[in-house]
Amino acid sequence: MTDLDQLTQSLARNLKRWRGERGFTLDALASRAGVSRGMIIQIEQARTNPSVGTTVKLADALGISITTLLDYEQGAPVRLVDESQAVRMWSTEAGSATTLLVGADARGPLELWSWHLMPGEGSDSDPHPEGTVELLHVTAGTLTLVVDGTPYAVPAGTSATFEAHHPHAYRNEGSEPVDATMAVSIPPVR
């Protein structure tokens, strides 16, 4: 079984499990996530690999981290995640990429991300649920963080935090690659 096959099977199993634990019907989850009922059925039957955006919407609607939704090694009190097991969420031919390093669900989901953005590239994010907070630390280059339409320059060595229920984006408008680490705290489902 390939890594992608394993990820597809894990996502199918975890989505069905968490939807059941939350007591959400297919229609209820579709409505909360803004994802079609048919797409959820395909994911739960391991017949498709959804986009990163769809996966994020589903995790947000369930009130869990993406790591929890994708994880196939749950249950241990301590979980070490080797670099080779981190989940590459997206990448471009130019070399930009995001990698989900680790996540937890204590007191609401918490995720830790590694970002690498090549010059001229970026990524837009839909608003997260009210109460979601993102923290980031830039280790190389200058990241342009755009929150609710306002750009903020975040140079290497600088950290930032913001309320992520606003539309936001990450851009590299410089000439050098940008490297950053980001943590996302998502409020628990009420």
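Look a little higher up for the structure.
Residues numbered from 1 in each chain as written. Predicted model: local features only at pLDDT ≥ 70, side-chain atom pairs only at ≥ 80, totals over all residues. Heavy atoms only, no water.

**Student:** Before we go on, may I ask you to explain helix α1 (residues 3–22) in this structure?
**Tutor:** Since the α-helix turns once every 3.6 residues, residues separated by three or four places project in the same direction. For α1, which comprises 20 residues, the first-to-last C-alpha distance of 28 Å matches the rise-based estimate of 28 Å (1.5 Å per residue) to within 8%. Buried within α1 we find T8, S10, L11, A12, N14, L15, W18 and R19. Its buried side turned inward, α1 meets α2 (26–33), α3 (37–44), α4 (52–62) and α5 (66–70). A positive backbone phi angle near 75° is found at G23, which sits one or two residues after α1. (Helix = DSSP H or I, 4+ residues; strand = E, 2+ residues; numbered from the N terminus. Expected span 1.5 Å × (residues − 1). Buried < 20%, exposed > 50% of the residue type's maximum accessible area, 1.4 Å probe, protein only. Contact = heavy atoms within 4.5 Å.)

**Student:** What should I look at first to understand the packing of aromatic side chains in this one?
**Tutor:** Where two aromatic rings form a pair, the distance of their centres and the angle of their planes describe that pair. For the coordinates displayed, the defined rule picks out two aromatic pairs. Centre to centre, the rings of W90 and W115 are 6.1 Å apart; their planes meet at 75°, and the pair counts as edge-to-face. Pair noted here: W90 is in strand β1 (residues 87–91) and W115 is in strand β3 (residues 110–117), with a separation of 25 residues, a long-range link. In this pair, the class of W90 matches that of W115, namely buried. For the pair W115 and Y170, a centre-to-centre distance of 4.5 Å together with 45° between the ring planes defines the contact as tilted. Here W115 is found in strand β3, whereas its partner Y170 is found in strand β9 (residues 168–171), with 55 residues between them in sequence. (Phe/Tyr/Trp six-rings, centres within 6.5 Å; stacked < 30°, edge-to-face > 60°.)

**Student:** Which parts of the structure should I look at to understand the pairing of strand β10 (residues 178–185)?
**Tutor:** Remember that side chains alternate between the two faces of the sheet whenever the strand is regular. In this structure, β3 lies alongside β10, joined through eight bridges in antiparallel fashion. If you follow W113 over to β10, its bridge partner there is M182. Pairing between strand β5 (residues 133–140) and β10: seven bridges, direction antiparallel. By the bridge assignment, H137 is partnered in β10 with T181. (Pairing = 2+ DSSP bridges.)

**Student:** I keep staring at the side chain of E121 and nothing clicks. Help me out?
**Tutor:** If you trace the backbone, E121 turns up in the loop between β3 and β4 (122–125). Although buried, E121 forms no salt bridge, and the nearest oppositely charged side chain, R171, lies 10 Å from it. One polar contact links E121 to S96, side chain to side chain, over a distance of 2.3 Å. (Lys, Arg positive; Asp, Glu negative; His and termini not counted. Salt bridge = Lys/Arg side-chain N within 4 Å of Asp/Glu carboxyl O. Polar contact = N/O pair within 3.5 Å; in protein donor to acceptor, adjacent residues only side chain to side chain.)

**Student:** Teacher, can you tell me more about α4 here?
**Tutor:** Here α4 lies mainly inside the structure; eight of its eleven residues are buried. Its buried side turned inward, α4 meets α1, α2, α3 and α5. At the exit of α4 stands G63, carrying a positive phi of roughly 75°.

**Student:** Got a minute to help me understand the nonpolar core in this structure?
**Tutor:** Inside soluble globular proteins, nonpolar side chains tend to come together where they are buried. If you look at the biggest cluster of nonpolar residues, it comprises 41 residues, and the most contacted ones within it are L58, L136 and Y170. Looking at this core element by element, the count peaks at five residues for α4. Non-local contacts of L136, meaning those with residues more than four positions away in its chain, are made with L143, L145, V154, T158, S159, A160, F162, Y170, T181 and M182. (Core = buried A, V, L, I, M, F, W, Y, C linked by side-chain atoms within 4.5 Å.)

**Student:** Sorry if this is basic, but what is going on with the pattern of salt bridges here?
**Tutor:** Two side chains that carry opposite charge are able to pair once their charged atoms sit near each other. Counting across every chain of the model gives five salt bridges. Here R37 ties to D27 by a salt bridge, and the two come within 3.1 Å at their closest N and O atoms. Of this pair, R37 sits in helix α3 while D27 sits in helix α2; the two residues are ten residues apart in sequence, bridging distant segments of the chain. With its nearest N and O atoms 2.5 Å apart, the salt bridge here joins R171 to D124. Of this pair, R171 sits in strand β9 while D124 sits in strand β4, and the two are 47 residues apart along the sequence.

**Student:** Help me understand unusual backbone geometry, please; the structure alone is not making it clear to me.
**Tutor:** Peptide bonds are trans in most cases, and residues, glycine excluded, mostly fall at negative phi. For A46, which is not glycine, the phi torsion reads 55° and is therefore positive. Mapped onto the secondary structure, A46 falls in the loop between α3 and α4. One non-glycine residue, D148, lies in positive phi territory at about 55°.

**Student:** I tried to follow the sheet that holds strand β7 (residues 150–155) on my own but got confused; where do I start?
**Tutor:** Working definition: the strands of a sheet are paired by backbone hydrogen bonds and lie parallel or antiparallel to each other. As summarised here, the arrangement of the four strands in space is β4-β9-β6-β7, forming an open sheet in which the pairing is antiparallel. Two strands bound the open sheet, and with one partner strand each, they are β4 and β7. For this sheet, the mean angle separating the axes of adjacent strands, direction not counted, is 15°. The sheet contact formed by strand β6 (residues 142–147) and β7 spans six bridges and is antiparallel. The residue of β7 that forms the bridge with T142 is P155. (Axes fitted to C-alpha atoms, helices over the stretch in contact; angles between N-to-C directions.)

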